[in-house]
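Topology and contacts: notes
Given next are the chains, with one letter for each unit.
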Amino acid sequence: MKVSPGQAFPLGASEMENGINFAIFSQHATAVMLCLSLPGRRLDSAAVELTLDPQMNRTGDIWHIFVEDLPRHGVLYGYRIDGPREWKQGHRFDSSVVLIDPYAKLVEGRRFFGDSKDKMSKFLGTYDFTSLPFDWGENYKFPSIPEKDLVIYEMNVRSFTADESSGLDPDIRGSYLGVIEKIPHLLELGINAVELLPVFEFDELEFQRRPNPRDHMINTWGYSTINFFAPMSRYASSGGGSIAASREFKEMVKALHAAGIEVILDVVYNHTNEADDKNPYTTSFRGIDNKVYYMVDFNNNGQLLNFSGCGNTLNCNHPVVMELILGSLRHWVTEYHVDGFRFDLASVLCRGMDGSPLNAPPIIKAIAKDATLSRCKIIAEPWDCGGLYLVGKFPNWDKWAEWNGKYRDDIRRFIKGDQGMKGSFATCVAGSSDLYKVNKRKPYHSVNFVIAHDGFTLNDLVSYNIKHNEANGEGGKDGSNDNLSWNCGFEGETTDANVKALRSRQMKNFHMALMISQGIPMMLMGDEYGHTRYGNNNSYGHDTAINHFQWRLLGSGRSNQFRFFSEMIKFRQKHSVFRKENFLSENDVTWHEDNWDNYESKFLAFTLHDNLGGDIYMAFNAHDYFLRAIIPSPPQKRRWFRVVDTNLESPDDFVPEGVPGIERTYNIAPYSSILLEAKP
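A brief look at the structure comes next. Each chain has its residues counted from 1, following the order in which its sequence is written. With the structure being a predicted model, the display of local features is reserved for residues of pLDDT at least 70 and the display and counting of side-chain atom pairs for 80 or more, all residues being used for whole-chain, interface and lining totals. Heavy atoms throughout the structure, all of them, feed into the side-chain values; hydrogens and water do not.

1. Details of the overall build of the protein chain
Counting from the N terminus, the helices are the DSSP runs of H or I reaching at least four residues and the strands are the DSSP runs of E reaching at least two. Helix and strand content of the protein chain: 13 helices and 28 strands. Scaling as 2.2 N^0.38, a compact globule of 680 residues should have a C-alpha radius of gyration of about 26 Å, and the protein chain matches this with 27 Å. Overall, the protein chain is about 90 × 55 × 50 Å in size when its C-alpha atoms are taken along their principal axes. Three labels apply to residues, based on accessible area from a 1.4 Å probe with only protein chains included: buried if under 20% of the type maximum, exposed if over 50%, partly exposed otherwise in between. Across the 680 residues in the protein chain, those meeting the buried criterion constitute 61%. Contacts are residue-level and defined by heavy atoms, with any inter-residue pair within 4.5 Å sufficient. Across the protein chain, every contact between residues at least 6 apart in sequence was considered, and the portion connecting residues at least 24 apart equals 72%. Note on areas: Shrake-Rupley, 1.4 Å probe, and residue coverage restricted to the protein chains presented here. In the form shown here, the protein chain has an accessible surface area of approximately 25,700 Å², with 49% of it arising from carbon and sulfur atoms. Neither His nor the chain termini are counted; the positive set is Lys and Arg, and the negative set is Asp and Glu. Note that the charge is assigned to NZ on lysines, CZ on arginines, CG on aspartates and CD on glutamates. Of the charged side chains in the protein chain, 72 are positive and 86 negative; the average position of the first set lies 2 Å away from that of the second. Radius of gyration: over C-alpha atoms. The globule rule applied is 2.2 Å multiplied by the number of residues raised to the 0.38 power.

Here's what the structure looks like:
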């Protein structure tokens, strides 16, 4: 092969006249070798190896080489890198491992998800400079939905359609194309944004590479990133590989946008798949320049710091890592047209290179101020596994929204009947002004949720008092013990009609509370029909019905729950009183309450006022007995219509046009809620 020194930028593999340029950062490397596997070769076949001369092929900390007449696609590539071996200095060089380029735009590995015959698959970078630019269409446009109007549906690409009950062709089950087939379901439900669990390349069989208590597991959630630019290749249809995955991801985004649905990615920049020093899984950063890419404790023999709970912590505020993160995010916006990002364990991004918290983290500010990224939805999960809990205090530059963990906890406590929660419940549904009414922040900087991917499903929240994680291989030690759940009188599955009715009522109560709250509501895939994981509150490793959407249940006895959930979402979308731009004023709400300090009270009623007279009255009764509520007079020339009573059977539990004949009082059943609308 004919080679020349090449150039230091851009990083990664780039097309130039007559060949391909390769550039990779490594500050501490002493030797770098480019490994190339030409089209038609297997991942594990012998590669052409080109040694980079430190005198000719290094500019600053960038190693680079130009290879003439290299094919424009189908080439697999990686690097062998050597350097100092002193662990105490933070180095983890190992020249025997072929490493993935952090800036590789595509990654090739095994072709089929969970294929145990290929569980030791290698992963290598690749590129595609031959495909035509993706056709987004002449009339294509971003949905550009205002934050206050979002309703987010948290979902997993594979689990959404992997089950046979999806009715899809086996070749597209669990794929990006599978999502497209189910857009009608999303539209019927009424949501307008999907938040996709990680879709960056990850190794779903990482637990099976060595004997261990979790070696029966398949990482279905994907919080174990191999590369920050490449879409998950095994979400391509028919085992199509990385180039097909890239194209089909764009097809999915284009179809969702055409349906008016935004795409938010759950991104994991707090750690990678490379694990810890005890059982490392070196694929990229660790072998390229561990001391730069990860936080290292130089006061403890150069051990990796672990604020992620996964063995390593990305050194996010190091200038080189910062630029990698920013480049990755911009790539997903410009190349794949995504609308926003939810940052997993975002408090890690608020730590300095020694792990100490920063008041003004450079990476957080850079994302908020970036010309490309500042137009996106930017959401933090404002905590990490090192105790840096920043709910309501996340550095935000009036841009970052937050997963509101306090909302989740307080809503759970009130609805299940805990004492002393009425005031906190009122604060939550009013937009959590105690947390977010500061500087220029808005109610929509609170992403409200009762349920997320980790923890109980909504059905399990009302069916289990304790977690049941035996299937995870850790003796039940994994997963949170603080679920704030109530099983309604029986642990787990039951045929008791009274218990089942109470559970159904409670699920509707939770959903109604979520949908009438100021802020951005987020619900979990499957809760619309009452999906159960049988009490497993940490189901990341199960590529089974535990996680897979059960489409057959939509058409069975669970259709009533779907109807209620869908109608409630659509009611929110039709009524601006639930979607205020600013925090509620005294003119916006009347609290029908004169005894806020009554610790034993579990009842709350209030009216949201509409300038045009379309007031909405709501009451929540978390007592275990009936309460007769005094209904306020409706606005002039209006009368009250009952839209919701969660105690009633479907379809009477939700009547969109409302039922007239509301008296001066309303007898509200135990553990139920009502919603009245003032109409002419």
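2. Considering the pairing of strand E2 (residues 12-16)
In this structure, E2 lies alongside strand E3 (residues 19-25), joined through five bridges in antiparallel fashion. Bridging from a neighbouring strand, serine 14 pairs with asparagine 21 of E3. One bridge is not enough; two strands pair if DSSP finds at least two bridges between them. Connecting E2 to the antiparallel partner E3 that follows it, the hairpin turn spans two residues, and asparagine 18 within it adopts a positive phi of roughly 75°.

3. Observations regarding the packing of aromatic side chains
Under the pairing criterion, centres of Phe, Tyr and Trp rings, with the six-membered ring standing for Trp, must be within 6.5 Å; the plane angle then separates stacked pairs below 30 degrees from edge-to-face pairs above 60, leaving the rest tilted. Using the criterion set out here, one finds 47 aromatic pairs in the structure. Taken together, a centroid distance of 5.2 Å and an interplanar angle of 65° make the contact between phenylalanine 285 and tyrosine 293 edge-to-face. The burial state of phenylalanine 285 is the same as that of tyrosine 293; both residues are buried. Seen from their ring centres, phenylalanine 549 and tryptophan 551 are 4.1 Å apart, and the 40° between their planes marks the pair as tilted. Among the residues examined, phenylalanine 549 registers a relative accessible area of 1% and is labelled buried. The ring of phenylalanine 229 is capped by lysine 105, whose NZ or CZ atom sits 4.9 Å from the centre of that ring. A ring is scored as having a charge over it whenever the NZ atom of a lysine or the CZ atom of an arginine sits within 6 Å of its centre and within 35 degrees of its normal. Over the ring of tyrosine 336 we find lysine 250, and its NZ or CZ is 5.2 Å from the ring centre.

4. A few points about the pattern of salt bridges
Salt bridges are defined as contacts in which a side-chain nitrogen from Lys or Arg sits within 4 Å of a carboxyl oxygen from Asp or Glu. Under the definition given, this model contains 35 salt bridges. Aspartate 344 serves as the salt-bridge partner of arginine 342, at 3.1 Å between the closest nitrogen and oxygen. For the pair shown, arginine 342 and aspartate 344 are each scored as buried.

5. Structural notes on the side chain of threonine 646
Relative to the helices and strands, threonine 646 is located in the loop between strand E25 (639-645) and strand E26 (654-659). Of the residues examined, threonine 646 reaches a relative accessible area of 1% and is grouped as buried. In terms of polar contacts, threonine 646 uses its side chain to reach the side chain of asparagine 509, at 2.7 Å. Setting aside residues up to four positions removed in sequence, threonine 646 forms contacts with Arg505, Lys508, Asn509, Phe564, Ser672 and Ser673. Between N or O atoms, a polar contact is any pair within 3.5 Å; within protein, one atom must be a potential hydrogen donor and the other a potential acceptor, and residues adjacent in sequence are included only when both atoms are from side chains.

6. So, the packing of helix H6 (residues 319-334) against helix H7 (residues 362-369)
Here the axes come from fitting lines to C-alpha atoms, over the contacting stretch only for helices, and the angles between their N-to-C directions go from 0 to 180 degrees. Two numbers describe how H6 lies on H7: the axes approach to 10 Å, and their chain directions differ by 30°. Of the possible angle classes, the one that applies to H6 and H7 is roughly parallel. At the point where H6 passes H7, the crossing takes the right-handed sense. Of H7, the residues touching H6 (which contributes Met322, Ile325, Leu326 and Leu329) are Pro362, Ile363, Ala366 and Ile367. All residues other than Ala, Val, Leu, Ile, Met, Phe, Trp, Tyr, Cys, Pro, Asp, Glu, Lys and Arg, Gly among them, are scored as polar; the first ten of these are nonpolar and the last four charged. Among the residues forming the contact of H6 with H7, the class breakdown is eight nonpolar, no polar and no charged. Working rule for angles: under 35 degrees goes down as roughly parallel, over 145 as roughly antiparallel, 65 to 115 as roughly perpendicular, anything else as oblique. By definition, turning the near helix anticlockwise from the far helix through less than a right angle yields a left-handed crossing, and turning it clockwise yields a right-handed one.

No statement about biological role is implied by the geometric values presented.
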